[in-house]
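Report on the structure
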Amino acid sequence: MSEAKRLNAILERETPALAACLSPLGRRAAFPQGIPAQSGEAKGTEINATVGQITDGNGRPLPLEALAELVPGLDEKTAFLYSPQEGHADLRNAWARRQHQLALGSTAWATTPITLHGLTQGVSMVADLFADEDTTVVMPTPTWENYDLLFGMRAGAQFATYDFFDGDGFNVQGLADTLKGLAGKKTVIVLTFPGNPSGYAPTEAEVDAIVDVVSSHAGPAVALVDDAYQGLLYESGLLKRSMFWDLAEKADPERLAVIKVDGTTKELLFFPGRVGFIRFHGTSEMAAAITSKVKFVGRGSVGGPPGPSQALVLAALRNPKLEDQVAERVALLGRRYRALKDALADGAGRLDPYPFNSGCFALVGLPDDLDAHEVRKKLISDFSVGTIAIPEINALRVAYCSIAEETVPELVSRLVKAVG
Ligand SMILES: Cc1ncc(COP(=O)(O)O)c(C=O)c1O
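Every value quoted in this text rests on a predicted model; they were computed, and no experiment measured them. (Residues numbered from 1 in each chain as written. Predicted model: local features only at pLDDT ≥ 70, side-chain atom pairs only at ≥ 80, totals over all residues.)

**What about the domain arrangement of the chain?**
- When the domains of the chain are assigned, the result is domain 1 (3-38 + 81-317) and domain 2 (322-419).
- Relative to domain 2, the C-alpha centre of domain 1 lies at a distance of 29 Å. (Domains from an automatic or database assignment.)

Printed below as a string of structure tokens:
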């Protein structure tokens, strides 16, 4: 039996829905007995002549001083030697511990996070392993534009969409109706809360309803929980923790697989660090099998994750001041959020703001007689304001996360003037 067939058999036994959703590439994937695997086995040998990296002859790096003197506090081995394909074990465990705390006592089991090049590679990994031309990707409109590229352009999947909002809240019924038509078909259900571009996180009641709808779906389905904006919440009564945990607690593995993609990009404000993670709900028996498949796709595309970034994040996770610093930044964003809410309440003119309560963005709807791209261009040329057009709902996305609190009223005043 080939290694891939052996892994597929484990997944079929332990997590049937996950196995049923594998793409042809996902079914073929198995980390080979190549250079990384052989060098891993040789770890600790007296004379290790496996990896093509230049060392001092005793396993320590020989970084150029011009580089090393810039980062004197970083662990040299982590920063300047190749990372294991799955990421450094210390970092993976430290990230798992932090996520466990954020999970607020969830009893759901999850594989150890595998380190990837940012969240984009996490989503791309899900697309590679689980999406093909027979897959339907269920996501709201509007949503993060890159899902189109990752699932549509690269994997050739179909999309089934529903309106993100229903009145003042998340369109749970739209999600339920969309899923109804997909029973028996391979499905990837994308769940991104807080959302991009919506800047909306569901209330606790909405979370329960979403979890009920997704966990009672006939399947076979993969729920992709994209936690890019985890923790950026500015109102009470919103989702308390990643929906991954609630779904994992309720999922029947015959019908539903649950995947969490998260990372340091927004959660630790480390935008270009390219440190993301992927983990799977399942059993300890399937962990090695799915990890092998993820490592295969990583090795066969972008290679292992970056060392200096992993060293930085690991050091930060060990710093007792980290959580206070995160909280301080969330509080700063909360003030910008409040300033935007107040300014829009004071006078939005012909703007029609959508509900927003979290994350980085707010959507402002435009009057029907105006075109989102035209207004966006006018804002640049006549008002020196940059926004993103969301033509699907004729709205603008305002990234208030990057606007100073005191500038927010002026921003709103220019938006109002631009629409006339
Ligand atoms: C919802 C969502 N997922 C994933 C990403 C990608 O994150 P990264 O920069 O870590 O690749 C973004 C970035 O904007 C995002 O908005």
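**Things to note about the sheet that holds strand E8 (residues 256-263)**
- Read across the sheet, 7 strands follow the order E1-E9-E8-E7-E6-E2-E3 without closing on themselves; strand pairing throughout is mixed. For this open sheet the edge positions go to strand E1 (114-116) and strand E3 (158-163), each flanked by a neighbour on one side alone. When the angles between neighbouring strand axes are averaged without regard to direction, this sheet yields 25°.
- Judged from the 6 bridges that link them, strand E7 (residues 221-226) and E8 form a sheet pairing that is parallel. Within E8, the position partnered with Val 225 by the bridge is Lys 260.
- Lying over the sheet, helix H8 (residues 118-130) contacts E1, strand E6 (187-192), E7, E8 and strand E9 (276-280), oriented at roughly 155° with respect to E8.
- Lying over the sheet, helix H10 (residues 172-180) contacts strand E2 (136-141) and E3, oriented at roughly 150° with respect to E3. (Pairing = 2+ DSSP bridges. Helix = DSSP H or I, 4+ residues; strand = E, 2+ residues; numbered from the N terminus. Axes fitted to C-alpha atoms, helices over the stretch in contact; angles between N-to-C directions. Contact = placed C-beta atoms within 7 Å.)

**As for the nonpolar core**
- In this structure, Val 222, Ala 223, Leu 224 and Ile 259 are the most contacted members of the largest nonpolar core, which totals 113 residues.
- Among the elements that make up this core, the one with the highest residue count is H8 (7 residues).
- Looking at which domains feed residues into this core, each of domain 1 (3-38 + 81-317) and domain 2 (322-419) gives three or more.
- Sequence-distant contacts of Ile 259, defined by excluding residues within four places in its chain, comprise Val 126, Val 222, Ala 223, Leu 224, Val 225, Ile 278 and Phe 280. (Core = buried A, V, L, I, M, F, W, Y, C linked by C-beta atoms within 7 Å. Buried ≥ 20, exposed ≤ 12 C-beta atoms within 10 Å, placed from the backbone.)

**Focus on the environment of Leu 232**
- Note on placement: Leu 232 falls in the loop between E7 and helix H12 (243-250).
- Taking C-alpha positions, Leu 232 is 6.1 Å from Val 330, a pair spaced 98 residues apart along the chain.
- Discounting chain neighbours no more than four positions away, the residues touching Leu 232 are Pro 194, Lys 266, Val 330, Leu 333, Ser 358, Gly 359 and Cys 360.

**Some details on helix H16 (residues 322-346)**
- Spanning 25 residues, H16 covers 36 Å between terminal C-alpha atoms, matching the ideal 36 Å at 1.5 Å per step.
- When we look at burial in H16, the residues that qualify are Leu 333, Arg 336, Tyr 337, Ala 339, Leu 340 and Leu 344.
- Buried-residue contacts for H16 involve strand E10 (352-353), strand E11 (361-365) and helix H18 (408-419). (Expected span 1.5 Å × (residues − 1).)

**Description of the packing of helix H11 (residues 204-215) against H12**
- Two elements in contact, H11 and H12, have axes whose closest approach is 10 Å; the angle formed by their N-to-C orientations is 45°. Put simply, H11 runs oblique to H12. Once H11 is placed against H12, the crossing between them reads as right-handed. Contacts between H11 and H12 involve Val 207, Ile 210, Val 211, Val 214 and Ser 215 from the former and Met 243, Asp 246, Leu 247 and Lys 250 from the latter.
- Among the residues making up the contact of H11 with H12, the classes are represented as 6 nonpolar, 1 polar and 2 charged. (Parallel < 35°, antiparallel > 145°, perpendicular 65-115°, else oblique. Left-handed = near helix turned anticlockwise from the far one by under 90°. Nonpolar A, V, L, I, M, F, W, Y, C, P; charged D, E, K, R; others polar.)

**So, the site of the ligand**
- Neighbouring residues of the ligand: Gly 118, Leu 119, Thr 120, Trp 144, Thr 192, Asn 196, Asp 226, Ala 228, Gly 263, Thr 265 and Gly 276.
- When grouped by side-chain class, the residues that make up the shell around the ligand number 3 nonpolar, 7 polar and 1 charged. (Near = placed C-beta within 6 Å.)

**Let's talk about the packing of H10 against H11**
- The N-to-C vectors of H10 and H11 enclose an angle of 0°; their axes lie 10 Å apart at closest approach. Our classification of the angle between H10 and H11 gives roughly parallel. Contacts from Val 172, Leu 175, Ala 176 and Leu 179 in H10 reach Glu 206, Ala 209, Ile 210 and Val 213 in H11.
- When its residues are assigned to classes, the contact of H10 with H11 shows 7 nonpolar, no polar and 1 charged.

**Describing the sheet that holds strand E13 (residues 395-399)**
- With antiparallel pairing, the 4 strands of this open sheet are ordered in space as E10-E11-E13-E12. The open sheet terminates on both sides in strands that have one partner only, identified here as E10 and strand E12 (388-390).

**Focus: unusual backbone geometry**
- In this structure, Pro 142 follows Thr 141 across a cis peptide bond, with omega equal to 0°.
- Along the chain, the position of Pro 142 falls in the loop between E2 and helix H9 (146-154).
- Geometrically, the link from Phe 193 to Pro 194 is a cis peptide bond, its omega value of -5° lying close to zero.
- Assignment of secondary structure puts Pro 194 in the loop between E6 and H11.

**Some details on H12**
- Most of H12 is tucked away, with 6 of its 8 residues classed as buried.
- Regarding H12, the residues found buried are Met 243, Phe 244, Trp 245, Asp 246, Leu 247 and Ala 248.
- Buried residues along H12 sit against E6, H11, E7 and E8.

**Section: the pairing of E3**
- Of the pairings in the sheet, the one linking E2 to E3 comprises 6 bridges and is parallel in character. Considered in E3, the bridge of Val 137 is made with Phe 159.
- Handedness of the crossover is the feature at issue here: the chain leaves E2, passes through H9, returns alongside E3, and the resulting connection is right-handed. (Right-handed = clockwise from strand over helix to strand, strands pointing away.)

**A short note on the pairing of E2**
- In terms of burial, E2 is a largely internal element, 5 of the 6 residues being buried.
- As defined by bridge partners, E2 adjoins E6 across 3 bridges and the pair is classed as parallel. The residue of E6 that forms the bridge with Val 138 is Ile 189.

**Quick word on the environment of Pro 306**
- On the secondary structure map, Pro 306 appears in the loop between helix H14 (287-299) and helix H15 (307-317).
- Look at Pro 306 and you get partly exposed, because 19 C-beta atoms sit within 10 Å.
- As a C-alpha pair, Pro 306 and Ser 83 span 223 residues in sequence and 7.0 Å in three-dimensional space.

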